[in-house]
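Spelled out from the first residue to the last, the chains are:
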Amino acid sequence: VQKIGVLTSGGDAPGMNAAVRAVVRAALSKNIEVFGVYDGYLGLYNNKIKQLKRHDVSDMINRGGTFLGSARFPEFKEESIRAKAIENLKEHEIEALVVIGGDGSYMGAKKLTEMGYPCIGLPGTIDNDIAGTDYTIGFHTALNTVLDAIDRLRDTCSSHNRISIVEIMGRYCGDLTMMASIGGGAEFTVIPEKEFNQDDLIQSISADVKSGKKHAIIAITEHTTKVNKLAKKIEAETGLETRATILGHTQRGGAPVAFDRILASQMGAFAVELLLQGEGGRCVGVQSNKLVHHDIIDAIENMPRPFKEDIYNLTRILA
Ligand code: ADP
């Protein structure tokens, strides 16, 4: 391999820059040239491709977001659009592409691979919802951001005898909510993997309040329920002031924490190693503290993400 490309796609995540930097530096150390594709698959289609040198990734390890830019480009589902993208890559003599993103981005990489163009996927998303890896790049940074928010809410809700609902990102994965719930000492945890019974939740909170509880934190994953409506119902039932806080995009920003910088660096360098070994159509993960790689098609189509039942149980035991 003489020339490779790298892009970031889908929702951004802290540590994406560190991953791009690692791809660039690891490739250059093996005398492979690297080309950055700007704005994800949109830029791939529009031929926004530029060679990256060592210094183009200076001062990047600590920066949140992605300097390559990211975009949503649903048109990439069309084969003719992807064919043009492959043409652009070939025009630059780029032989393989490293795609850093979430499961949507993996779908794009899978389809390029099926069309004969080799891609390596790196899991970049705060949601931790990718198959074949215990952790994704960005998850731990978002977790710390959520914890910080919960700590702050705890200070004020314990001063004011208030119930606090915190809506946490994760799409359809409860990992961020469960881990933040344990780390932040939340009393109630509501996640997409477990059926949500609103009446049961309100009854348990009511019972706690009747037995003397003066404040509580309820951690809820986005898309589970309308948190402002829920707050009104809890307030009506318990008589305690109840507020919902939607953390939103604050969870996607910020400097990556040490774990994400190191994970991104390891995964980026590993992707280059795989390409050197002639591997294409793979996705990289970390499982039981070891770097691993899986067939990207198999990962998307067949690999289940095991639910962390022990973590969920712990949120209940410690509440
Ligand atoms: P994420 O990668 O964070 O899950 P998206 O789901 O928005 O984010 O996916 C990112 C991009 O990947 C999309 O905008 C689109 O360009 C591409 N993509 C998503 N799904 C597919 C698909 N089924 N086929 C081809 N490309 C896809």
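Computed from a predicted structure; not experimentally measured.

Chemist: With reference to specific residues and values, describe the overall build of the chain.
Modeler: Each helix and strand counted, the chain has 11 helices and 11 strands in total. In terms of overall dimensions, the chain is globule-like: its C-alpha atoms have a radius of gyration of 22 Å, near the 20 Å expected for 319 residues. For the chain, the spread of C-alpha atoms along the three principal axes comes to 70 × 35 × 35 Å. Relative to its 319 residues, the chain shows a buried fraction of 54%. Nonlocal contacts in the chain, meaning residues at least 24 apart in sequence, comprise 74% of its contacts between residues at least 6 apart. Distance between charge centroids for the chain: 4 Å, based on 36 positive and 40 negative side chains.

Chemist: How would you explain the pairing of strand β6 (residues 163–168) if you had to name every residue and give the values?
Modeler: Of all the 6 residues making up β6, 6 are buried; the element is thus mostly covered by neighbouring parts of the structure. By the alternation rule, side chains of β6 split into I163, I165 and E167 and S164, V166 and I168, which are all buried. Judged from the 6 bridges that link them, β6 and strand β8 (residues 216–221) form a sheet pairing that is parallel. Each residue of the ladder has a partner; that of I168, found in β8, is T221. Bridge analysis of β6 against strand β9 (residues 242–246) gives 5 bridges, and the strand direction is parallel. Its bridge partner lying in β9, V166 is registered against T245.

Chemist: Mind laying out the site of the ligand, listing which residues take part and the relevant values?
Modeler: Residues in close proximity to the ligand total 17 residues, the closest being R72, F73, G102, G104 and S105. A distance of 3.1 Å separates an oxygen atom of the ligand from a polar backbone atom of G11. Side-chain polar atom of K111 to a nitrogen atom of the ligand: 3.3 Å apart, as the coordinates give it. The dominant element in the shell around the ligand, judged by the number of residues it contributes, is helix α4 (residues 103–114), at 6 residues.

Chemist: Break down the UniProt feature "binding site: Mg(2+)" (unreviewed entry) in the chain for me, with residues and values.
Modeler: UniProt feature "binding site: Mg(2+)" (unreviewed entry): in the numbering of this structure it lies at D103. As for its placement among the helices and strands, D103 is situated in helix α4. Not counting residues within four places of it along the chain, the set of residues in contact with D103 comprises D129, I130 and R171.

Chemist: Tell me about the UniProt feature "binding site: ATP" (unreviewed entry) in the chain, and please be specific about residues and values.
Modeler: UniProt annotation of "binding site: ATP" (unreviewed entry) refers to G11, R72, F73, G102, D103, G104 and S105 when read in the numbering used here. Look at the named residues: they lie 95 residues apart in sequence, but the longest C-alpha span between them is just 13.8 Å, so in the fold they bunch up. With respect to the element layout, G11 can be found in the loop between β1 (3–8) and α1 (16–29). Setting aside its immediate chain neighbours within four residues, G11 contacts M16, R72, G124 and R252. Looking at the secondary structure, you find G102 in the loop between β4 (96–101) and α4. Excluding residues within four positions of it along the chain, G102 makes contact with S9, G124, T125 and I130.

Criteria and cut-off values
In this convention, every chain numbers its residues from 1, walking through the sequence in written order. Local features in a predicted model are, by the rule used here, given only for residues with pLDDT of at least 70; side-chain atom pairs are given and counted only at 80 or more, and totals for whole chains, interfaces and linings are based on all residues. Based on all heavy atoms of the structure, the side-chain values leave hydrogens and waters out of the count. Counting from the N terminus, the helices are the DSSP runs of H or I reaching at least four residues and the strands are the DSSP runs of E reaching at least two. This radius of gyration counts C-alpha atoms alone. The globule rule is 2.2 Å times how many residues there are, raised to the power 0.38. Three labels apply to residues, based on accessible area from a 1.4 Å probe with only protein chains included: buried if under 20% of the type maximum, exposed if over 50%, partly exposed otherwise in between. In what follows, a contact means two residues having at least one pair of non-hydrogen atoms within 4.5 Å. Only four residue types enter the tally: Lys and Arg on the positive side, Asp and Glu on the negative side, with His and both chain ends excluded. Note that the charge is assigned to NZ on lysines, CZ on arginines, CG on aspartates and CD on glutamates. Two strands pair under a simple rule: DSSP has to find at least two bridges between them. The criterion for a residue being near a molecule or strand is simple. One of its heavy atoms has to lie within 4 Å of it. Counting of polar contacts relies on pairs of N or O atoms within 3.5 Å, with two restrictions inside protein: one atom must be capable of donating a hydrogen and the other of accepting it, and residues adjacent in sequence are counted only when both atoms are side-chain atoms. UniProt positions are given in the numbering used here, feature names are shortened, and annotations may be inferred rather than shown by experiment.

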